[in-house]
Amino acid sequence: MNSNELRKLFLQFFAERGHVIKPSSSLIPDDATLLFTVAGMVPFKNYFLSKVPLTFTRAATSQKCIRTNDIDNVGRTRRHHTFFEMLGNFSFGDYFKEEAIKFHWEFLTEVVKIPKDRLYVTVYLEDNDAYDIWTQKMKIPADRIFRLGKDTNFWEMGTVGPCGYCSEIYYDFEGGKKDVVTGRDIETNDDRFLEVCNLVFTEFDKRADGTLGALKQKNIDTGMGLERLAAVSQGVFSNFETDLFMPMIKDVAEKAATVYGKDPKTDISLRVIADHARGVTFLIGDGVLPSNEGRGYILRRLIRRAVRHGRTLGFRETFLYKVVPVVLHMMGEAYPETAQRKDYITQIIKLEEEKFQETMDKGLEILNQEIEMLMKSKTAILPGEVAFKLYDTFGFPIEITEEILNEFSMSTDKVKFKECMETQRETAKKAWKGMSVDEHAVPEDVIKNLPVTKFTGYTGFSEDGCKVLAIVKGGKKIASAHDGDEVSILLDKTSFYGEGGGQMGDKGIITGPDVELEVIDTQKTDDRYIHRVKVIKGSVQEGNIVKTTVDMDKRSAIMKNHTGTHLLQAALRDILGSHVEQAGSYVGDDRLRFDFTHYAALSEHEVRLAEKMVNKWIQESVPVEVEVMSVEDAKNTGAMALFEEKYKGEVRVVSVGHISKELCAGTHLHNIGEIGLFKIVSSASTAAGIRRIEAITGDASYALVLENEGTIKELKTVFKTSDTNELKEKINKMLREFKELDKKVNEVKKAGMMKDVDEYIAQAKDVNGTKVITIRFTDADKEAVRALGDVLREKMKKTVIVIASTAGEKISFLAMVTDDITDKHDASKIVKRAAAICGGGGGGKKNMAEAGGKDASKIDEALLEVEKAVRG
Ligand code: SER
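Values in this document were obtained by computation on a predicted structure and should not be read as measured data. (Residues numbered from 1 in each chain as written. Predicted model: local features only at pLDDT ≥ 70, side-chain atom pairs only at ≥ 80, totals over all residues. Heavy atoms only, no water.)

(A) Summary view of the overall build of the protein chain. Scanning the protein chain from N- to C-terminus turns up 26 helices and 34 strands. In terms of C-alpha radius of gyration, the protein chain reaches 36 Å, well past the compact-globule figure of 29 Å for 872 residues. Once the C-alpha set of the protein chain is aligned to its principal axes, its extents read approximately 115 × 85 × 55 Å. Taken as a whole, the protein chain presents about 41600 Å² of accessible surface, with 50% of it coming from carbon and sulfur. (Helix = DSSP H or I, 4+ residues; strand = E, 2+ residues; numbered from the N terminus. Rg over C-alpha atoms; globule rule 2.2 N^0.38 Å. Areas by Shrake-Rupley, 256 points an atom, 1.4 Å probe, with all protein chains shown as cover.)

(B) Looking closely at the nonpolar core. Counting residues in hydrophobic clusters, the biggest one holds 115 residues, and the most contacted among them are Leu-108, Trp-134, Met-224, Leu-229, Leu-320 and Phe-396. When residues in this core are grouped by element, the largest group, 11 residues, is from helix 13 (residues 342-376). If we skip the residues at most four places from it in the chain, Leu-108 touches Lys-113, Ile-114, Ile-169, Val-196, Cys-197, Met-224 and Leu-229. In terms of nonpolar packing, the next biggest core, distinct from the first, is built from 30 residues, Ala-570, Leu-592, Ala-610 and Val-656 among them. (Core = buried A, V, L, I, M, F, W, Y, C linked by side-chain atoms within 4.5 Å. Buried < 20%, exposed > 50% of the residue type's maximum accessible area, 1.4 Å probe, protein only. Contact = heavy atoms within 4.5 Å.)

(C) Broad picture of the sheet that holds strand 26 (residues 660-663). Strand order across the open sheet formed by three strands is 24-25-26, with antiparallel pairing between neighbours. Looking at the sheet topology across the chains shown, the edges are occupied by strand 24 (624-630) and strand 26. Pairs of neighbouring strands in the sheet enclose a mean axial angle of 20 degrees, with direction left out of account. Here helix 18 (residues 552-576) sits on the sheet and contacts strand 24, strand 25 (650-656) and strand 26; the angle it forms with strand 26, its principal contact strand, is near 115 degrees. (Pairing = 2+ DSSP bridges. Axes fitted to C-alpha atoms, helices over the stretch in contact; angles between N-to-C directions.)

(D) Representation of unusual backbone geometry. A positive phi angle, near 55 degrees, is found at Lys-720, a position not held by glycine. Within the fold, Lys-720 resides in the loop between helix 21 (698-718) and helix 22 (724-754). A residue is classified by how much of its surface remains accessible, and Lys-720, at 69% relative accessible area, is exposed. A positive phi angle, near 45 degrees, is found at Asn-768, a position not held by glycine. Relative to the elements of secondary structure, Asn-768 occurs in the loop between strand 29 (765-767) and strand 30 (770-778).

(E) The arrangement of a positive patch on the surface in detail. Taken together, the side chains of Lys-782, Arg-786, Lys-810 and Lys-845 present a region of like positive charge at the surface. Looking at where Lys-810 falls in the secondary structure, it is placed in strand 32 (residues 810-817). By relative accessible area, Lys-810 is classed as exposed at 63%. (Patch = residues over 30% accessible without salt bridge, like charges linked within 9 Å, V, L, I, M, F, W, Y side chains within 5 Å. Salt bridge = Lys/Arg side-chain N within 4 Å of Asp/Glu carboxyl O. Lys, Arg positive; Asp, Glu negative; His and termini not counted. Charge placed at Lys NZ, Arg CZ, Asp CG, Glu CD.)

(F) Structural context of the pairing of strand 2 (residues 58-66). The element strand 2 is extensively covered by neighbouring structure, given that eight of its nine residues are classed as buried. Across two bridges, strand 1 (residues 20-21) lies against strand 2 in parallel orientation. The residue bridging Ile-21 from the neighbouring strand is Ala-60, located in strand 2.

(G) The arrangement of the packing of aromatic side chains in detail. In total, this model carries 35 aromatic pairs according to the counting rule given. On the numbers, 5.7 Å between centres and 90 degrees between planes, the contact of Phe-14 with Phe-103 is edge-to-face. With a gap of 89 residues between them, Phe-14 in helix 1 (residues 3-15) and Phe-103 in helix 3 (residues 97-111) connect regions that are remote in the sequence. On the basis of relative accessible area, Phe-14 is assigned to the buried category, the value being 0%. (Phe/Tyr/Trp six-rings, centres within 6.5 Å; stacked < 30°, edge-to-face > 60°.)

(H) Just the site of the ligand, in detail. Neighbouring the ligand are Ala-39, Met-41, Arg-67, Met-86, Trp-155, Asn-198, Val-200, Asp-221, Thr-222 and Gly-223. Measuring from an oxygen atom of the ligand, one finds a backbone N or O atom of Gly-223 at 3.1 Å. Expressed as a share of its isolated accessible area of 230 Å², the protein-covered part of the ligand is 95%. Of all elements in the fold, only strand 8 (193-206) and strand 9 (212-225) reach the threshold of two or more residues within the shell around the ligand. (Near = heavy atom within 4 Å. Polar contact = N/O pair within 3.5 Å; in protein donor to acceptor, adjacent residues only side chain to side chain.)

(I) Local environment of the pattern of salt bridges. Evaluated as defined, the whole model comprises 59 salt bridges. Glu-354 is the salt-bridge partner of Lys-350, the closest N and O atoms lying 3.6 Å from each other. Taken together, the residues span about one helical turn, with Lys-350 and Glu-354 both in helix 13 at a distance of four residues. In this structure Lys-350 comes out as partly exposed when scored by relative accessible area, which is 25%. As a salt-bridge pair, Glu-867 and Lys-765 come within 2.8 Å of each other at their nearest N and O atoms. Here the residue Glu-867 occupies a position in helix 26 (residues 859-871), and Lys-765 occupies one in strand 29, the gap between them amounting to 102 residues. The class of Glu-867 is buried, set by a relative accessible area of 12%.

(J) Geometry of the environment of Glu-606. Looking at the element boundaries, Glu-606 is found in helix 19 (residues 604-619). The spatial distance from the C-alpha of Glu-606 to the C-alpha of Ala-700 is 23 Å, given a sequence separation of 94 residues. Within the local environment of Glu-606, its side chain forms a polar contact with the backbone nitrogen of Ser-603, the two atoms lying 2.9 Å apart.

(K) Geometry of the sheet that holds strand 30. Judged by pairing direction, the sheet is mixed, and its six strands sit side by side in the order 29-30-31-32-34-33 without closing on themselves. The outermost strands of the open sheet, each flanked by one partner alone, are strand 29 and strand 33 (842-844). Sheet twist, expressed as the mean angle between neighbouring strand axes with direction ignored, is 20 degrees. Here six bridges tie strand 32 to strand 34 (residues 848-853), and the two strands are oriented antiparallel to one another. Pairing of Leu-814 across the sheet is with Glu-850, part of strand 34. Seen against the sheet, helix 25 (residues 827-837) touches strand 31 (799-807), strand 32, strand 33 and strand 34 and runs at an angle of roughly 15 degrees to strand 34.

(L) A look at the environment of Thr-359. Here Thr-359 shows up in helix 13. Residue classification places Thr-359 among the partly exposed residues on the basis of a relative accessible area of 22%. Between the C-alpha atoms of Thr-359 and Phe-396, which are 37 residues apart in sequence, the distance is 9.0 Å. Apart from residues lying up to four places away in sequence, Thr-359 is in contact with Thr-393 and Phe-394.

(M) Representation of a nonpolar patch on the surface within the structure. Judged by side-chain polarity, Met-734, Leu-735, Phe-738 and Leu-741 come together as a nonpolar surface patch covering roughly 380 Å² of accessible area. Counting through the fold element by element, Leu-735 comes out in helix 22. What makes Leu-735 partly exposed here is its relative accessible area of 48%.

(N) Seen up close, helix 19. Here helix 19 is 16 residues long and its end C-alpha atoms lie 23 Å apart, about the 22 Å a rise of 1.5 Å per residue gives. Buried within helix 19 are the following residues: Val-607, Ala-610, Glu-611, Val-614, Asn-615, Trp-617 and Ile-618. Down the axis of helix 19, the smallest arc covering the buried residues is 160 degrees, so these residues share one side. Every exposed residue of helix 19 that faces more than 90 degrees away from the buried side is listed here: His-605, Lys-612, Lys-616 and Gln-619. (Expected span 1.5 Å × (residues − 1). Arc of directions from axis to C-beta.)

(O) The packing of helix 3 against helix 4 (residues 128-137), seen in detail. As a packed pair, helix 3 and helix 4 sit with axes 10 Å apart at the nearest point and diverge in direction by 45 degrees. Taken together, the axes of helix 3 and helix 4 lie oblique to each other. Taken as a pair, helix 3 and helix 4 cross one another with a handedness that is right-handed. For the pair helix 3 and helix 4, contact is made by Lys-97, Glu-98, Ile-101 and Trp-105 and by Asp-129, Ala-130, Ile-133, Trp-134 and Lys-137, respectively. (Parallel < 35°, antiparallel > 145°, perpendicular 65-115°, else oblique. Left-handed = near helix turned anticlockwise from the far one by under 90°.)

(P) A look at the side chain of Thr-222. Tracing the sequence through the fold places Thr-222 in strand 9. With relative accessibility at 0%, the residue Thr-222 sits in the buried group. Within the structure, the side chain of Thr-222 is placed 2.5 Å from the side chain of Asn-89, a separation counted as a polar contact. Here the side chain of Thr-222 touches His-104 through a polar contact of 3.2 Å, side chain to side chain. Excluding residues that lie within four positions of it along the chain, Thr-222 makes contacts with Leu-87, Gly-88, Asn-89, Phe-90, His-104, Asn-198 and Leu-199.

What is shown is where atoms sit, not what they do.
As structure tokens, then:
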């Protein structure tokens, strides 16, 4: 059976047994304790912990997973993978051990039709219930079931969370052999015995201190690796020989003009590439981008490791991105959301590949030289500084350096490497020092003791009757603040928006019977709004009742920019494609900045098109509607949400007619017509795969129009015209005239130099039979200097000519050696010696060379050096 069939059969089997079939969750879990989704149960963690109300008690999935604990082994064995698919069925307080066991036995033996005498079972040492179910109800002979310890038969998600005893089913590749099999064989002989599925009886919750608590209900979590199931079902020994990997292996092998199975070394590389191609495709598909930290680093490591193995296969150019369509051809049906992003994924990989290709050769060369030196000196440890240089300058993740060293039974000094990393981080941190210290921060215990602030600013700008709950200064709670003080104030309710979702915090005033406070900024921590204020008049104390009034002009400018950002995103998705996702944003009163995922720089045409589209919508005056609903409902309406943003409970869905629908907590206009003119002011790229557009709206864009108009008016006065076309013509004409004039000036300079040619010849010094001519100019044209050099060289024999000229701070040297003495003198060496005196360098050929310099006060000394050089 092919793997698409197996996946479908599994889900169908469990659907028929009352399970809700859920689509795979993202590889990025909504769980701060995990880097990636490592098992099918991860998205259901809160169901196991009874933290969410259950709307179903049975579920089944085919879940995308990534495990990164053993990347270096991937490719070297038949079974290690980074990315894999886990087929799983789950019960939340519904059925327990007996059904879980029955279901899997039935699926394996009756649907996939694996002969029973090829299967073995394990249970946890003390789990008599599971043992009895297997032996008495399922009639498994006692010599095919083993009680094993915690290492194999206790499953936990990570350091904390739901866990429990488990029972595993193993497949025997040498089934039918009449030898005696022991539990130890099962545990250790993975050439012969393959774990096909793991049934976890999830009844405990592991706490941070390592102890186990009982969960409220007994649950089931099962996992069956699709890759393994495919190997068993397709009768192949290695997962890589299944239809899940062979298409990529064949494709890459063909392009590398080799075949799989010919040479163990190239086979490893083919397997690495096939595995990593899947991993990187799905990681990027789920929103990860290459970087030097966290998930992004793992992604970078996988791309670069694959590229390095591409070298082994002989690829000199980018190749990995071309494997993406092969991956998606196989997997697109099961994971349509990833298939949709094909172009985006491809481009991101291509960019990262190109970057690494540029430096990899140099890095490999250095590493190979180091390895040779280590071999000669009979040492096996590469200095940490070298590993760091490879990382920092040539983009070699430390793990790649280690992997290469391993091939020569060498390693690196990781302690020193880490030290170098630390020093670099410290230096970077120092550069930022002073910027991150927030003296207005409100301590956590103050925050925790206050109720969540009620935000009333969606519907109005001001709010009466707000109670002062806390005043904080210098990290401490104080009772009151007075004239001139700068403090943070927390209220029970407020109309001030606290910075969040890219939207800056509101400014304005807070007034009370005896006080006026200027609000400089509003922040938000755990839904408590923190007003940073300056006491303008009077004093304020805890318990006072005050009125909040947001600066209306600023806030309406912010709302124009925020709604404008939504329109911009909609336009970009329309023009560039649905891979465009928000990667960051800033919505202020002055402008908006929108960072988004896209692989190429935007053309002028695309930028204008987006601007035009937004303005066209604005002119349609479409109303903006806001609805509050559950996250689940919001996602079902197709509202756009950020890749990694965590939305809790109720969310706001902001819709602009048919144009846009986004989950957003920001403040918006009633009608997009209020935006006025939407003007894009810049388009750039911030990181690989991320583009940035800045735009302005409302008063700001009107002000820009006025400013530009003013500039044009001024120019018209200067150029004495009232017509814009004539202005352009006049400017162009002036530029042309400037160019002409420039040429003429240079010709005059050149002529001036040439008339002195005979004088320069007459001044030639004889140095041991070679003539030396040195000349010095100020502000000379480069071409003129060159022409003079050529004339002198033509006229002279056995001569060395060096001309130094300055242009502002810059010095340039030109050295020429007549062809009859290039066997004795080298212009390149001479010019280097001269330039070195002025703190510069350069080079060229034996008969002609150029160099630069910095210190003009040493030119004469440099020219004397020429003579010394000739003297030898
Ligand atoms: N969580 C278990 C595993 O990953 C079963 O799904 O093996």
